[in-house]
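# Understanding the architecture of this molecule
Here is how the chains run, residue by residue.
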Amino acid sequence: MGQATLVQKMKEKAEAVQTRVALVRSMEEALTAAVEITLKGGGHVLAAPGLGERHEEAVPFLNELCRSRGVDLLMENLRGHMGRIHTAFTVGDYAIAETGTLVQISHDEDLRMATMLSETHVAVIPVSRIRPHALAFEPEMLRILQRPPSYLAFISGASRTADIERVLTIGVHGPSELHMLILEEEPHEEAPS
Amino acid sequence: MISTPPDLKSYKTQLRRALQNEFLATTLRTFASAYRLSRANAFEGLDATHLVEEIARGKDAAIPYLQELFEQFRSRAEAAGVKVHVARTPREANEIIASIARSNDVRKIVKSKSMTAEETFLNDHLEKEGFQVTETDLGEWIIQLRGEGPSHMVMPAIHLSRKEVAELFTGVTGEVQDPDDIAGMVQVARKELRQAYVEAHMGISGANFAVAETGTLGLITNEGNARLVTTLPPVHVAMLGFEKLVPDLRSALRILQMLPRNATGQAISTYVTWITGANQCATGPDGRKAMHVVFLDNGRLTLARDPVFAEALRCIRCGACANVCPIYKLVGGHNYGHVYMGAIGLILTYFYHGRENARAMVKNCLNCQACKSVCASGIDLPRLIREVHRKILKEEGTKPVKNVILNLVLRNRRLFHFLLRRASLAQSPVASGERVMRHLPFFFDREHEFRSLPLLAGTPLRDRWNQVNPSLENPRLRVALFGGCLVDFVYPEQALALVKLFAAHDVQLEYPMEQTCCGLPAEMMGEKETARQVALQNLHSLDMSRFDHILTLCASCGSHLKESYPRLLEGEGDAEPMVRGMVEKVTDFSSFMINVLQVSPRQFQEGGAKTAYHSPCHLCRGLNVTGEPRELLTLAGLEYTPSRDEDVCCGFGGSFSVDFPMLSAEILREKLDHTEDTGADVLVTDCPGCVLQLRGGLDKRNSSIRVKHMVEIIAEQKKW
């Protein structure tokens, strides 16, 4: 599958599960989008756990951006901020096009707190990290599982339920919005695998 | 605690009550239709049959080695800081979990959905021990608040209306809830349960997989509650049955491809979580989670060695067998299961919750094969249900009178046919000059009056065969007719139509006189030995060397001959090769006309009646024949008009309609409504059992729709 087809499929399948998909060309563009989404959603707290380790160069930019837009930025110790987080900003580790799935290595507890307890989850996923289907991802996934402890999350859309009269309702426990920002340019740093 | 009627009488009372619940009927009917559609969409572009075969093969390869897989899982998980426990009984499992809670000074517990925990009634135990347990899956929380068990494995509260939920939540919040604001009620749950997560000291989850090669647990949810349950509290206990062990990640991913598609028609559930080892947890000991995995045996390891029932352990708990079951659709899971519901529930209840709870409901199966056709792991559910029924009869020693009579009569063909002839004479007082009984015999109560019953034929087919069947000089083919009891003794005219038609096509038809009942009724009543004996007798009556084909007008007989005889006669020495030869030659009428005789439109009249079709269960699923009957109708000049749910059972199910007339009547009513909606003048089907049911039902409606066996309408349409 060519890259353009893969991205197209990713977009199509993610949108099929109500994920909002956009293409971005840089980390700065992604961060700007995340802050705007926060403000548009009436939020004023953004958590970006793990960003410092993965994309140290982006942190000063985000700090400045949040400061200028009046958004509180949280980077760690998120247990102390449960209930406050509006937006979780994460860098996805992989994605699976066939099911529109974001794969997030979530051993880090702050990362879990942010992606589970926020109202909106904004994830960036570099194009090079998209795999066509789950079985194609299996060898890489196996390597992750073989190095415990690990908490690996497949996320396909926003939290949902149909437990009352089978009416689909979004946002029962987790975020009620998932944004997937497909990063067309590979950043210099490799995501850990 | 849930209670399930231990005897047929109280079970039937419960079923009658369930049928009065209009909300349940409407909601399950809508769900059944929606499910079929969304499942089909979800599998688009995927080879579902191949996937089912792969999963079945994988499960069958793993089941004999569950103990070894467990050891491998344990060593990997323990190396990663997890404590692994084994519970032999439900009580042991509950006690292990309570003691983990006690030793961690836990008071409040949050729980994500687990059928295994339902199996052990874990919540009841923990609450008795003084712990406060909160279910966090919305459906589970609702039924917990109501003190009920789930009525579906995937949608536990599907039996409840928005109004009932609103009343319940009004009680919980002290604020009046609007039943039509479902999103608002979901927000109530979000708010209330957030607090529970934060306060809980322990989280209990189930698991969909335990991957032996890595010691990983896989959890699938849509709501995301399992993520919170396994993250926020410092202690995590996962509880699962041994059958959730898979050897490797690849096997788990294969099941993941199937499970959401088959369960809810989703390509994937929103959250799939893979946990390996004790992860970071700020409030846990040494900054890590205290993590425990409890494997429940409760008979599974014995079941794994059972030559017949090990197959039940393939189940991945998708709930599809309930979704397509015509009986589940009418009465829901609280009336069609104990803890586990639907077809797999009828089987597992016996093994996990005992004979008492399985005894009555195991009889409640139409053998329509709908469950088998959608099972994610290819379990032959209807067969296992019959096997459980048989096991219970055997263990209890005392057989119902009808089983005793059946065994006595069916094993002796002459006696059986003698009695049928006598019965034909005896019925004259209830007959009214027509072909149906206007008054049912005394042993039927009013509940059976939903359909009229046909009279037995004055002269059975076998007694007039030699006069009616012409001997052809140089036939192109020789075909044996396997009549089956209904064609022989009730509807000989169907065979007469065939005789006429075949003579015109130069096909020599013969009726081997030693043939008897195919034995399916015996198997359905749990009488396998009788079924085996009549199978042998039929096999010997059909001299395979003389016939090119064996044709049956009864889809049930055909599918029983083809599918069950090889199994019933396994290890019978000479019979085995004979069965193989027979199976190849068995065919249904439509397939024979299309594929063997290759009939063409010019042989038929044009401008035939507007025709609806009912696809018999044992034709479309038993024999996998779906295209030919429809092709034949069109080709023979009939105006075939598709109707809704054409391949859903008509509710006959042989003795089922006698045992459960209230259910049979409802299933039939829906079938006939769909037929009438088409505006057809004729309803065609390929099975005399369906003819009996459909014709009897339409007669009671005083409908002008004529019911015909395929062979009759084709003979009518032929240019002579």
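The paragraphs below set out a description of the structure included in this document.

Rules of the game
Residues numbered from 1 in each chain as written. Chains lettered and ligands numbered in written order. Predicted model: local features only at pLDDT ≥ 70, side-chain atom pairs only at ≥ 80, totals over all residues. Heavy atoms only, no water. Axes fitted to C-alpha atoms, helices over the stretch in contact; angles between N-to-C directions. Helix = DSSP H or I, 4+ residues; strand = E, 2+ residues; numbered from the N terminus. Parallel < 35°, antiparallel > 145°, perpendicular 65-115°, else oblique. Contact = heavy atoms within 4.5 Å. Core = buried A, V, L, I, M, F, W, Y, C linked by side-chain atoms within 4.5 Å. Buried < 20%, exposed > 50% of the residue type's maximum accessible area, 1.4 Å probe, protein only. Buried area = accessible area lost by both parts, 1.4 Å probe. Salt bridge = Lys/Arg side-chain N within 4 Å of Asp/Glu carboxyl O. Polar contact = N/O pair within 3.5 Å; in protein donor to acceptor, adjacent residues only side chain to side chain. Nonpolar A, V, L, I, M, F, W, Y, C, P; charged D, E, K, R; others polar. Pairing = 2+ DSSP bridges.

### Digging into the packing of helix α26 (residues 528-541) of chain B against helix α27 (residues 555-568) of chain B
Residues and elements named next belong to chain B. Where α26 contacts α27, the axes come no closer than 10 Å and their chain directions differ by 105 degrees. Of the possible angle classes, the one that applies to α26 and α27 is roughly perpendicular. Taken together, the residues of α27 that come into contact with α26 (itself represented by K528, A531, R532, V534, A535 and N538) are Y565, R567 and L568.

### Some thoughts on the nonpolar core
Judged by nonpolar contacts, the single largest core of 158 residues is most densely connected at F154 of chain A together with L217, W274 and F295 of chain B. Counting 97 residues, the second-largest nonpolar core is a separate cluster that includes L456, C518, L520 and V599 of chain B.

### Comments concerning the interface of chain B and chain A
Counting residues at the interface gives 67 residues for chain B, matched by 48 residues for chain A. Contact with chain A buries surface across chain B, with R190, R227 and Q280 of chain B losing the most and accounting together for 14% of the total. Inspection of the region where chain B meets chain A yields three salt bridges. Across the pair E138 of chain A and R250 of chain B runs a salt bridge, and its minimum N-O distance is 3.5 Å. Applying the counting rule to chain B against chain A returns 34 residue pairs in polar contact (both at pLDDT 80 or more). Elements with a contribution of two residues or more to the side of chain B that touches chain A: α2 (22-42), α8 (138-146), α9 (162-173), α10 (182-199), α11 (225-231), α12 (249-264) and β9 (271-276) of chain B. Here the side of chain B that touches chain A gets 10 residues from one element, more than from any other, and that element is α10 of chain B. For the side of chain B that touches chain A, the class distribution of residues is 35 nonpolar, 22 polar and 10 charged. Alignment of strand β9 (residues 150-155) of chain A against β9 of chain B, held across six bridges, turns out to be antiparallel. Along β9 of chain B, the bridge assignment pairs Y151 of chain A with I275 of chain B.

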